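Fold and geometry: a report
Residues per chain, in single letters:
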Amino acid sequence: MADNNSPWGPKGSKPGGNGSDGGKSPWGGKPSGNKGDRSPELDNVIEGFKNIKRRSGGSGGKGPNRRPGGGGGGGGLGDLRLGPLGPLGIAVGVGLVLMASTMVYTVDQTERALVLRFGDYVRTEGPGLKFKLPSPIETLYKQETEIIRRDTIGGNDFSSLMLTGDENIVDIDFTVLWRINDLANYYFEVEDPAGAVRAVAESAMREVVGKNELQQIITTDRLAVTTAVRDLMQETLDEYKAGVRVVEVQLQKADAPDQGGVVDAFRDVEDADQERQTRINTAVASQNTIVPEARGEAAQILQDAQAYRDRVIAEAEGEAERFNKIYEEYRKAPEVTRQRLYLETIEEVYGPAEKVILDSEGGSGVVPYLPLDQLGNRARQQGAQ
Amino acid sequence: MNQRLVALAVLGGLIIIAILGSLFTVEEHEQAIVFQFGEAQRVENPWGEEANAGLKLKAPFIEQVVYLSRRNLEVDLRPVELLASDQERLVVDAFVRYRITDPIRFYETLRNERGAQDQLQTIFDSTLRDVLGRVSQTDIISGRRAELMAEIQNVADSVAEAEDLGIDIIDVRIKRADLPQENYARVFERMISQRTLEANLLRAEGTERAREISATAEREATVIRADAQRQAEIIRGEGDGERTRIFAEAFEKDPEFYAFYRSMEAYRKGLRNGTTYVLSPDSDFLSYLDDQQGPRGRR
């Protein structure tokens, strides 16, 4: 710190990175505030040299070797001036050119530039060809403010593991997209703003994860988590006046940890859920078979019953009608009809049958022999034919 | 001539050095303490006042300048392993943001940012343990995180104020509050057991629902069939009833004839071929066989 007595010496962190900056050139380092100061000074120096030359010319005028066949002293003086002043003039010219070159600069469409006059903030410039006072009077600090920066956090084994609200561990890798929205604040207010963004991101993500439950984080609430982290980050960075806008937080990975077979256990739950659905579906499928089948069977049973009813009724009606017809005729001649019916029936019945006629009166006292088994056989043979 | 030239150059050089030595710049993000023979005289562009950066004057050679930051500065604390009130171990990794509000006191007590970092590290080691040791692990991880961070900030800020460090603690953030790595296996085991439980429950639920559905389906089918059977019996009954009614209506007219008629019908169907009859000539059928007068003659 003791060697800081030179105003330019300790400014290693001079912004802008301008090569001709920081007092490396003795002309650039000239601390005069404006050209008005410099001109008399330069004139004095030039005047001083003029005097020296004049005096040396006056005192050493006898020297013939300086200008062989030298005419007027004035002419000799004019020629002599060019000699020693040449390097000085060139140095001044080069210095001026270097200075002038620091007066023009361009700002890209993606950039914004801060102009600092002796470190004091003067203005912010947008894209285009711009002018400023030469370095080191005015210096520049340029940043690509429009470009969105990505910071990926997590990725290695343990730093991406976080405790959730229900005391589980979740493995999270995420990316923060951000950009500079206020270059002055970004540069003046916060030390290492990019590092601050990272640190705040880590803190915010863990805070949000700590408030949520594992299952929600890895499934339904992914979007809600990223939004909450973004908002919390923005709030914190605004408190710091960091001049940073958090565009988006993306979850690259939000899973159960790989370690110790936890992931397998989680997958098994998914499998189990599928299995559950499969079992239910199978049951529903069989339900869809059994019930319609039963309905079909029921319809069949009903149709059968109706058929039976209709048949029985029809038969009954037919039979009744037949009887009625016969009865009508019977009433007209009951005796004869009755006899006829009887005889016809008996005829039909006895006609093809075996018959044994026994006179009951004549045979009284005699027990007739009846070979019942033979009669039966014959009857059976007849039946077979 | 040479002596004059040298003298002039030396003089010019001295003038330039004197001018350079009396000017210095303070950047927007810096505050500068001006010392005179090691004694702080004044602060240029100090925090708490309107920004006043730019080109400044000082007495050459006798005044010296020390630059300090005017920005919001970060100290990344070492991770601290601590015991929460419920005896759970936690590794807490935090960072602190502060600002130099009194550059002269800051320079006196801490000298530079490196000194501030060491001092803050010491303060926070104990503050974190004090504040977080009073609450449970769950509070640290989830429930009261923001509140606790605010409390830590207050405690640390008051310590910094008491020690008059010339700084203001802007923010304290817990970056990580996690279990020590040795404890992970235990948590993983619990997570696995929880998942297993859940998986089993899901499978059992599947079976439960499946059985329920099957049973319901079977019951439904049985009921449908039984209902059909019931209706079928009723329909059959209707048919039978109708039949009975029709017969009764027809045969009522002459029950005696019906008996005869129906008997005849029955004989025809009931007495089949192959039957052997033992007949008496007295029977009605053979009455004329015995006597041409027939039954009337005999009577």
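Residues numbered from 1 in each chain as written. Chains lettered and ligands numbered in written order. Predicted model: local features only at pLDDT ≥ 70, side-chain atom pairs only at ≥ 80, totals over all residues.

So, the overall build of chain B
The number of helices and strands found in chain B is nine helices and ten strands. The proportion of buried residues among the 299 residues of chain B is 30%. (Helix = DSSP H or I, 4+ residues; strand = E, 2+ residues; numbered from the N terminus. Buried ≥ 20, exposed ≤ 12 C-beta atoms within 10 Å, placed from the backbone.)

Details of the overall build of chain A
A tally of regular secondary structure across chain A gives nine helices and ten strands. Counting over 385 residues, chain A shows a buried share of 25%. Excluding contacts between residues fewer than 6 apart, the proportion of contacts in chain A whose partners are at least 24 apart in sequence is 66%. (Contact = placed C-beta atoms within 7 Å.)

As for the sheet that holds strand β3 (residues 39-44) of chain B
All names here are of chain B. With antiparallel pairing, three strands are arranged side by side in an open sheet as β3-β2-β5. Looking at the sheet topology across the chains shown, the edges are occupied by β3 and β5 (63-69). Each adjacent strand pair in this sheet contributes to an overall mean axis angle of 30°, direction not counted. (Pairing = 2+ DSSP bridges. Axes fitted to C-alpha atoms, helices over the stretch in contact; angles between N-to-C directions.)

Description of the interface of chain A and chain B
Contacts between chain A and chain B engage 110 residues on the former and 103 residues on the latter. With 41 residues, the top contributor of residues to the side of chain A that touches chain B is helix α7 (residues 262-332) of chain A. Of the residues assigned to the side of chain A that touches chain B, the class counts are 59 nonpolar, 24 polar and 27 charged. (Nonpolar A, V, L, I, M, F, W, Y, C, P; charged D, E, K, R; others polar.)

With respect to the confidence of the model for chain A
Detail in the predicted coordinates should be disregarded across regions flagged by low pLDDT. Residues and elements named next belong to chain A. Overall, the predicted model of chain A reaches an average pLDDT of 76, with 69% of residues at or above 70. Highest mean pLDDT in chain A belongs to helix α6 (residues 222-239) (93); lowest belongs to helix α1 (residues 35-59) (48). Note on residues 1-40: pLDDT under 50 across the span, and 60 contacts to partners over four residues away in sequence or across chains. (pLDDT = per-residue confidence, 0-100.)

A closer look at the packing of helix α8 (residues 334-350) of chain A against helix α7 (residues 255-270) of chain B
The description of two helices packed together rests on the angle between their axes and the distance between the axes. The geometry of α8(A) relative to α7(B) is characterised by a closest axis approach of 9 Å and an angle of 15° between their N-to-C directions. Taken together, the axes of α8(A) and α7(B) lie roughly parallel to each other. Note that α8(A) runs across α7(B); the crossing there is left-handed. Between α8(A) and α7(B), the contacting residues are R338(A), L341(A), Y342(A), T345(A), E348(A) and V349(A) on the first element and F260(B), Y261(B), M264(B), Y267(B) and R268(B) on the second. Class assignment of the residues belonging to the contact of α8(A) with α7(B) gives a composition of seven nonpolar, one polar and three charged. (Parallel < 35°, antiparallel > 145°, perpendicular 65-115°, else oblique. Left-handed = near helix turned anticlockwise from the far one by under 90°.)

Some points on the environment of D182(A)
Mapped onto the elements of the fold, D182(A) is located in the loop between β8 (169-180) and α3 (183-188). Taking C-alpha positions, D182(A) is 4.3 Å from G243(A), a pair spaced 61 residues apart along the chain.

Looking at the environment of D255(A)
With respect to the element layout, D255(A) can be found in strand β9 (residues 244-255). Contact partners of D255(A), with chain neighbours within four places excluded, come to D171(A), I218(A) and V263(A).

Observations regarding the packing of α7(A) against helix α6 (residues 184-251) of chain B
Closest axis-to-axis distance for the α7(A)/α6(B) pair is 8 Å, and the angle between their directions is 0°. Taken together, the axes of α7(A) and α6(B) are roughly parallel relative to one another. Across the contact of α7(A) with α6(B), the residue classes break down as 38 nonpolar, 13 polar and 25 charged.

Points about the sheet that holds strand β2 (residues 112-117) of chain A
Residues and elements named next belong to chain A. The three strands lie next to each other as β3-β2-β5, forming an open sheet whose pairing is antiparallel. Each edge of the open sheet carries a strand with a single partner, namely β3 (120-125) and β5 (138-143). Across the sheet, the axes of successive neighbouring strands diverge by a mean angle of 25°, strand direction being ignored. Bridge analysis of β2 against β3 gives five bridges, and the strand direction is antiparallel.

A short note on the nonpolar core
Within soluble globular proteins, side chains that are nonpolar generally end up buried alongside one another. Core analysis: the largest hydrophobic core is formed by 97 residues, its most contacted members being V170(A), A94(B) and V96(B). For this core, the element with the most residues is helix α4 (residues 193-211) of chain A, which contributes nine residues. If sequence neighbours within four positions are ignored, A94(B) has contacts with L77(B), F124(B), L128(B), V172(B), R173(B), I174(B) and K175(B). (Core = buried A, V, L, I, M, F, W, Y, C linked by C-beta atoms within 7 Å.)

Here we look at the pairing of β3(B)
Residues and elements named next belong to chain B. Across five bridges, the pairing between strand β2 (residues 30-36) and β3 is antiparallel. By the bridge assignment, F35 is partnered in β3 with A40. The hairpin turn running from β2 into β3, its antiparallel successor, is two residues long, and F37 in that turn takes a positive phi close to 50°.

Overview of unusual backbone geometry
Positive phi is not limited to glycine here, since K241(A) has a value of about 55°. Of note, R111(B) is a non-glycine position whose phi angle comes to about 70°, a positive value. Looking at the secondary structure, you find R111(B) in the loop between α2 (103-109) and α3 (113-133).

Some details on the confidence of the model for chain B
Residues at a pLDDT of 70 or more form 91% of chain B, whose mean pLDDT is 86. Prediction confidence for the complex, expressed as pTM and ipTM, is 0.64 and 0.72 respectively.

Points about the environment of M205(A)
All names here are of chain A. With respect to the element layout, M205 can be found in helix α4. Its 27 C-beta neighbours within 10 Å are what place M205 among the buried residues. Sequence spacing of M205 and R230 is 25 residues, and the spatial spacing of their C-alpha atoms is 8.8 Å. Once residues lying within four places of it in the same chain are set aside, the contact partners of M205 are I172, F174 and V229.

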